[in-house]
Amino acid sequence: MLGCNYFFNGGNRYVDAVRTGSDIHATWEGIRANVGSVAARFHSNRRWRINDPDFALCRAFDTSDDPEINRLKACYVFVTRDMAFNPECEFELVDIRRPQSEILLAIVLMAAGAVNFSDKMTRLNASGLDLARRTASAEPGETGIPLDLFASEHPSYWLQKTPSGHRALLINWTDESAVRELDLAAHGVNAASATDFWHDAVHPVEKNQLRFELLPRSCMFLKLAE
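Cut-offs applied
Residues numbered from 1 in each chain as written. Predicted model: local features only at pLDDT ≥ 70, side-chain atom pairs only at ≥ 80, totals over all residues. Heavy atoms only, no water. Helix = DSSP H or I, 4+ residues; strand = E, 2+ residues; numbered from the N terminus. Contact = heavy atoms within 4.5 Å. Disulfide = S-S within 2.5 Å. Buried < 20%, exposed > 50% of the residue type's maximum accessible area, 1.4 Å probe, protein only. Expected span 1.5 Å × (residues − 1). Phe/Tyr/Trp six-rings, centres within 6.5 Å; stacked < 30°, edge-to-face > 60°. Pairing = 2+ DSSP bridges. Core = buried A, V, L, I, M, F, W, Y, C linked by side-chain atoms within 4.5 Å. Salt bridge = Lys/Arg side-chain N within 4 Å of Asp/Glu carboxyl O.

(A) Summary view of the environment of lysine 161. Counting through the fold element by element, lysine 161 comes out in strand E5 (residues 157-162). For the pair lysine 161 and serine 44, spaced 117 residues apart in the sequence, the C-alpha separation amounts to 16 Å. Contact partners of lysine 161, with chain neighbours within four places excluded, come to Gly141, Glu142 and His166.

So this is what it looks like as structure tokens:
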């Protein structure tokens, strides 16, 4: 039983899972708007109920071959015959590319709750199917900790315990390239190497610290090995 728009203080008597954010779309603003809600409720996952960060979306302009990817105008359901044209009703459901999809899906995996795909899977291209396969086959982990939850509007540093070690997520939410650094020792983690979850590149870890220059609106999602 999934509680949608559920009263968070209502406990878990009537539901098994609870939505932790608003509707998610394959849009940059949608991802940014939901990450705070997902992060702020990490503590309740698997304690009170299963957290549901909403759909795991793999579709983007460069990960889908769907010619009608933006045909649906979801806000038109609010239009009446006597209304003047409202540009907000032209809202599109997709405006991202793969790097932003990687952020969305990494947050879904960090949430460590429900993972519900919501794509026309046959319309995903090789890149989109690669995202889906990596997400579906990811090693289950404990709920990821948003390390800068109270220091940033959009948490940029996440750490997650897995049976084989840890995963770390570093996000650049800005529109310019930015350096992201994380001292693993400060969080009791030792790592000798880090493997890019999405692209398999292996990076050495010097002095137990992660440091990457990230492109705008991108992330580095890493599997850490001692």
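(B) Seen up close, the state of the cysteines. Enumeration according to the criterion identifies zero disulfides in this entry. In this model cysteine 58 remains outside any disulfide bridge; the closest cysteine sulfur is found in cysteine 219, 13 Å from its own. Residue cysteine 58 is classed as buried on the basis of its relative accessible area, which comes to 0%.

(C) Here's a closer look at the side chain of serine 156. Here serine 156 is to be found in the loop between strand E4 (145-146) and E5. With relative accessibility at 7%, the residue serine 156 sits in the buried group. Setting aside chain neighbours within four positions, we find serine 156 in contact with Asp148, Leu169, Leu170, Ile171, Trp173 and Arg180.

(D) Seen up close, helix H2 (residues 98-111). With 14 residues, H2 ought to run about 20 Å at 1.5 Å a step, and its terminal C-alpha atoms sit 20 Å apart, in line with that. Positioned one or two residues after H2, alanine 112 has a phi angle of 55°, which is positive.

(E) Main features of the packing of aromatic side chains. Under the criterion given, the structure shown has four aromatic pairs. Here the aromatic rings of phenylalanine 197 and tryptophan 198 are separated by 4.8 Å at their centres, their planes lie at 90°, and the arrangement is edge-to-face. What makes tryptophan 198 buried here is its relative accessible area of 1%. Here the aromatic rings of phenylalanine 197 and phenylalanine 221 are separated by 4.8 Å at their centres, their planes lie at 45°, and the arrangement is tilted.

(F) Quick look at the pairing of E5. For E5, a buried count of five out of six residues is recorded, marking the element as mostly surrounded by other parts of the structure. Where E5 and strand E6 (residues 165-172) come together, six bridges link them in antiparallel fashion. The partner of glutamine 160 across the bridge, within E6, is arginine 167. In this structure, the hairpin formed by E5 and E6 is closed by a connection of two residues.

(G) Quick look at the sheet that holds strand E8 (residues 193-196). Overall, antiparallel pairing links the six strands, which are arranged E4-E5-E6-E11-E8-E9 in an open sheet. Both outer strands of the open sheet, E4 and strand E9 (202-204), are each paired with one neighbouring strand and no more.

(H) Quick look at the nonpolar core. Residues Ile31, Ile107 and Leu169 are the most contacted members of the largest nonpolar core, which totals 36 residues. For this core, the secondary-structure elements that each account for two or more residues are helix H1 (28-40), H2, helix H3 (126-136), E6 and strand E11 (218-225). The element that contributes the greatest number of residues to this core is H2, accounting for nine residues. With sequence-adjacent residues up to four places away left out, isoleucine 107 is seen in contact with Ile31, Val35, Val38, Leu169, Ile171 and Trp173.

(I) Inspection of the pattern of salt bridges at higher detail. Here the structure, examined in full by the defined rule, presents 10 salt bridges. Here aspartate 66 makes a salt bridge to lysine 120, at a shortest N to O gap of 3.7 Å. Remark: lysine 120 occurs in the loop between H2 and H3 and aspartate 66 occurs in the loop between strand E3 (50-52) and H2; sequence separation between them is 54 residues. Through salt bridges with shared partners, a single network forms among Arg98, Glu102, Asp130, Arg134 and Asp200.

(J) Expanded view of unusual backbone geometry. Positive phi, normally seen in glycine, also occurs at aspartate 200, with a value near 70°. Structurally, aspartate 200 can be placed in the loop between E8 and E9. Within the chain, lysine 207 stands out as a residue other than glycine whose phi angle is a positive 55°. Along the chain, the position of lysine 207 falls in the loop between E9 and strand E10 (209-214).

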